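Results of the structural survey
So the chains spell out like this:
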Amino acid sequence: MEILIEKFGLYEGINEVIGITFGGWINTAPIGLIVGDDIRVRLYSNHTRELLEKSGMLYVNVVHDPIVFVISAFEDLGEEWFESLEPPVIKGSLSWMKFRARLDGNFAVLDLLEGDVLRKEVRAVNRGFNALIEATVHATRYILSGSETLADKIRYYGRVVERCGSRREKEAYNLLVKYAGLD
Ligand SMILES: Cc1cc2nc3c(=O)[nH]c(=O)nc-3n(C[C@H](O)[C@H](O)[C@H](O)COP(=O)(O)O)c2cc1C
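Given the structure is predicted, the values throughout are model-derived calculations rather than measurements.

**Observations concerning the overall build of the protein**
- The helix and strand inventory of the protein stands at five helices and eight strands.
- Taken from the N to the C terminus, the helices and strands of the protein come in the order β-β-β-α-β-α-β-β-β-β-α-α-α.
- Each principal axis of the C-alpha atoms in the protein carries an extent, and together these give about 50 × 35 × 35 Å.
- Going through the 183 residues of the protein one by one, you find that 44% of them count as buried.
- Distance between charge centres in the protein, computed from 22 positive and 27 negative side chains, equals 4 Å.

Below you can see the structure in the form of structure tokens.
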């Protein structure tokens, strides 16, 4: 029987989640799972792609913690960030999933094997959180190019974080500024 992906919190469009892959270490990175006729992820040249190619497996956590997004965008979360390692579950995750992953050009096509819902959360849209995610996406590109246009975009989203975010989003943004060398 096919498992419905919505059950785990993934809907049509691009779902920003934390991808977890295993090599000799636990590799964590924000990735965008594209849900359409199938489930796939576009992968640039990074550790997630490298490890996924070797293992054929990808774990995913649905998380709402902005600090988790920022740290895993620039380095890997240490074991202390996890509430479980088998399966890998970052503290506070709403759900986890395990996918079989097959590379197809720039994409990995994903087949859901198993997963679980751990928490359910009622939460209004917060522009500060959304802006933090936008800033983090730009920052992962900024560190590769040093583009001033990207730096301006990051600062723009930073102002939205300041205006609309909670303390945690503001803390995450300050961390991002340090990782990106924008302070
Ligand atoms: C919200 C968000 C979504 C991202 N989505 C992707 C993605 O779909 N594919 C990708 O290759 N990189 C994506 N990135 C960038 C990677 O997370 C980033 O390059 C990371 O450093 C890769 O880590 P790794 O080398 O451990 O795989 C995204 C970043 C953010 C902040």
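**Details of unusual backbone geometry**
- Across the junction of Glu 86 and Pro 87, the peptide omega takes the value 0°, indicating a cis bond.
- As for its placement among the helices and strands, Pro 87 is situated in the loop between strand S5 (82–85) and strand S6 (88–90).

**Some thoughts on the UniProt feature "domain: DUF447" (unreviewed entry) in the protein**
- The sites that carry the UniProt feature "domain: DUF447" (unreviewed entry) are, in the present numbering, residues 15–102 and 126–177.
- Taken as a whole, residues 15–102 contains 20% helix and 49% strand, while its terminal C-alpha atoms sit 19 Å from one another.
- Taken as a whole, residues 126–177 contains 90% helix and 0% strand, while its terminal C-alpha atoms sit 20 Å from one another.

**Topic: the pattern of salt bridges**
- Under the criterion given, the structure shown has seven salt bridges.
- Its salt-bridge partner being Arg 123, residue Glu 121 comes within 3.0 Å of it at the nearest N-O pair.
- Judged by its relative accessible area of 38%, Glu 121 is partly exposed.
- A salt bridge links Arg 155 to Glu 148; its shortest N-O distance comes to 3.9 Å.
- Because the salt bridges share partners, they merge into one network encompassing Glu 148, Asp 152 and Arg 155.

**Concerning the nonpolar core**
- Judged by nonpolar contacts, the single largest core of 35 residues is most densely connected at Ile 154, Tyr 173 and Leu 176.
- Of all the secondary structure elements, the ones that give two or more residues to this core are strand S1 (13–22), helix H2 (66–74), S6, helix H3 (127–145), helix H4 (148–164) and helix H5 (167–180).

**Details of the sheet that holds strand S2 (residues 26–35)**
- Spatially, six strands are ordered S1-S2-S3-S8-S7-S4 in a closed barrel, and the strand pairing comes out antiparallel. The sheet shows a mean angle of 45° between the axes of neighbouring strands, taken without regard to direction.

**So, the site of the ligand**
- Neighbouring the ligand are 19 residues, the closest being Pro 30, Arg 42, His 47, Thr 48 and Ala 73.
- Contacts to the ligand include Asn 27, whose side-chain N or O atom sits 2.9 Å from an oxygen atom.
- Residue Asn 46 places a side-chain N or O atom 3.0 Å away from an oxygen atom belonging to the ligand.
- Summarising the interface, the protein chains cover 84% of the accessible area of the ligand, which totals 650 Å² for the free molecule.
- Of all the secondary structure elements, the ones that give two or more residues to the shell around the ligand are S2, strand S3 (39–42), helix H1 (47–55) and H3.
- Ranked by the residues each element gives to the shell around the ligand, the list is headed by S2, at six residues.
- Residues of the shell around the ligand, tallied by class, amount to nine nonpolar, seven polar and three charged.
- Of the residues that make up the shell around the ligand, three or more belong to each of domain 1 (5–117) and domain 2 (127–180).

What counts, and where the lines are drawn
- Residues numbered from 1 in each chain as written.
- Predicted model: local features only at pLDDT ≥ 70, side-chain atom pairs only at ≥ 80, totals over all residues.
- Heavy atoms only, no water.
- Helix = DSSP H or I, 4+ residues; strand = E, 2+ residues; numbered from the N terminus.
- Buried < 20%, exposed > 50% of the residue type's maximum accessible area, 1.4 Å probe, protein only.
- Lys, Arg positive; Asp, Glu negative; His and termini not counted.
- Charge placed at Lys NZ, Arg CZ, Asp CG, Glu CD.
- UniProt positions renumbered as here; feature names shortened; annotations may be inferred.
- Salt bridge = Lys/Arg side-chain N within 4 Å of Asp/Glu carboxyl O.
- Core = buried A, V, L, I, M, F, W, Y, C linked by side-chain atoms within 4.5 Å.
- Pairing = 2+ DSSP bridges.
- Axes fitted to C-alpha atoms, helices over the stretch in contact; angles between N-to-C directions.
- Near = heavy atom within 4 Å.
- Polar contact = N/O pair within 3.5 Å; in protein donor to acceptor, adjacent residues only side chain to side chain.
- Areas by Shrake-Rupley, 256 points an atom, 1.4 Å probe, with all protein chains shown as cover.
- Nonpolar A, V, L, I, M, F, W, Y, C, P; charged D, E, K, R; others polar.
- Domains from an automatic or database assignment.

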